[in-house]
Amino acid sequence: DLGDAIYKNLASRQRVKAAEFGLESQRQDSLLAAALGYFDLAKAQAAVAVAYEAVRIAQDYAGQVERAVDVGVAFKGDALRAQVQVEKNQLTLRQRQEQQRVAAAHLVQTLHLESAVELVAREGELVPLDIPPLSPVETKQMCYSILTDAQKHKFEEENELDLSFGVKGLSR
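Nothing here was measured: the structure is a model prediction, and the numbers come from that model.

Trainee: Which residues make up the nonpolar core, and what values go with them?
Mentor: The tendency in soluble globular proteins is for nonpolar side chains to be buried as a group. Ranked by size, the top nonpolar core spans 9 residues in total: Ala58, Ala62, Val65, Ala68, Val69, Ala74, Ala79, Ala82 and Val86. Of all the secondary-structure elements, those providing two or more residues to this core are α1 (2-71) and α2 (76-110). Examining the composition of this core, we find that 5 residues originate from one element, α1, more than from any other. Apart from the residues lying within four places of it in its own chain, the contact partners of Val86 are Ala58, Gln59 and Ala62. Counting residues in each nonpolar core, the second largest holds 7 residues, with Leu41, Ala42, Ala104 and Ala121 among its members.

Structure, rendered in structure tokens:
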């Protein structure tokens, strides 16, 4: 039957397009997961740097308070409080380092690398990307690139279009 042959031809072309878009969607999802993993790693690395600096500052302050206690202008309790703060900051540093290792391991897993690989984010400042939104003309060109002339005409008349298709005995 001619109608059945035309339908099968159209259905097979639509399946090919659907497979191409499915593949592109998977590629974009993988890219997004990798980017998010990298930014998590960069954020964890920055948190380690901040915690390291906090430890350094707390140790410097504890040393100053200890010298003040030695000369009699500060109390021993002040020195103990400063030492407790150093220890808190050291604990925070260890936690941040563990978060960095977890973020690196997660990115290694996302990228399907050997588990022995330890990733480190590049040094540098993270800056937001300035990606302009698509214009209406660009959006229309992108959408129309996958439509047949009949689909374009129907869309322009009805302002909506159902692009789903069915495979007999399999799915819609």
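Trainee: I'd love a proper account of the pattern of salt bridges, names of residues and values included.
Mentor: Scanning all chains against the criterion turns up 6 salt bridges. Across the pair Glu53 and Arg56 runs a salt bridge, and its minimum N-O distance is 2.5 Å. Of this pair, Glu53 and Arg56 both sit in helix α1, 3 residues apart, which is roughly one turn of the helix. Here Glu53 falls in the partly exposed class, since its relative accessible area comes to 33%. Of the charged contacts, one joins Asp149 and Lys152 as a salt bridge, the two residues approaching to 3.9 Å between their closest N and O atoms. In this pair, Asp149 and Lys152 both sit in helix α4 (residues 149-158), 3 residues apart, roughly one turn of the helix. On the basis of relative accessibility, which here comes to 22%, the residue Lys152 falls in the partly exposed class.

Trainee: Could you give an account of the packing of aromatic side chains, naming the residues involved and the relevant values?
Mentor: Scanning the entire structure with this criterion turns up 2 aromatic pairs. Between Tyr38 and Phe39, the ring centres sit 5.8 Å apart and the planes meet at 70°, which makes this aromatic pair edge-to-face. Ring geometry for Tyr144 and Phe155: centres 6.3 Å apart, planes at 85°, overall edge-to-face. One end of the pair, Tyr144, is in helix α3 (residues 136-144); the other, Phe155, is in helix α4, with 11 residues separating them in the sequence. For Phe155, a relative accessible area of 30% translates into the label partly exposed.

Trainee: Talk me through a nonpolar patch on the surface; I want residue IDs and the actual numbers.
Mentor: Judged by side-chain polarity, Leu111, Leu113 and Val117 come together as a nonpolar surface patch covering roughly 220 Å² of accessible area. Take Leu111: it is sitting in the loop between α2 and α3. A residue is classified by how much of its surface remains accessible, and Leu111, at 38% relative accessible area, is partly exposed.

Calculation criteria
Residues numbered from 1 in each chain as written. Predicted model: local features only at pLDDT ≥ 70, side-chain atom pairs only at ≥ 80, totals over all residues. Heavy atoms only, no water. Core = buried A, V, L, I, M, F, W, Y, C linked by side-chain atoms within 4.5 Å. Buried < 20%, exposed > 50% of the residue type's maximum accessible area, 1.4 Å probe, protein only. Helix = DSSP H or I, 4+ residues; strand = E, 2+ residues; numbered from the N terminus. Contact = heavy atoms within 4.5 Å. Salt bridge = Lys/Arg side-chain N within 4 Å of Asp/Glu carboxyl O. Phe/Tyr/Trp six-rings, centres within 6.5 Å; stacked < 30°, edge-to-face > 60°. Patch = residues over 30% accessible without salt bridge, like charges linked within 9 Å, V, L, I, M, F, W, Y side chains within 5 Å. Areas by Shrake-Rupley, 256 points an atom, 1.4 Å probe, with all protein chains shown as cover.

Shape descriptors only; they carry no functional weight alone.
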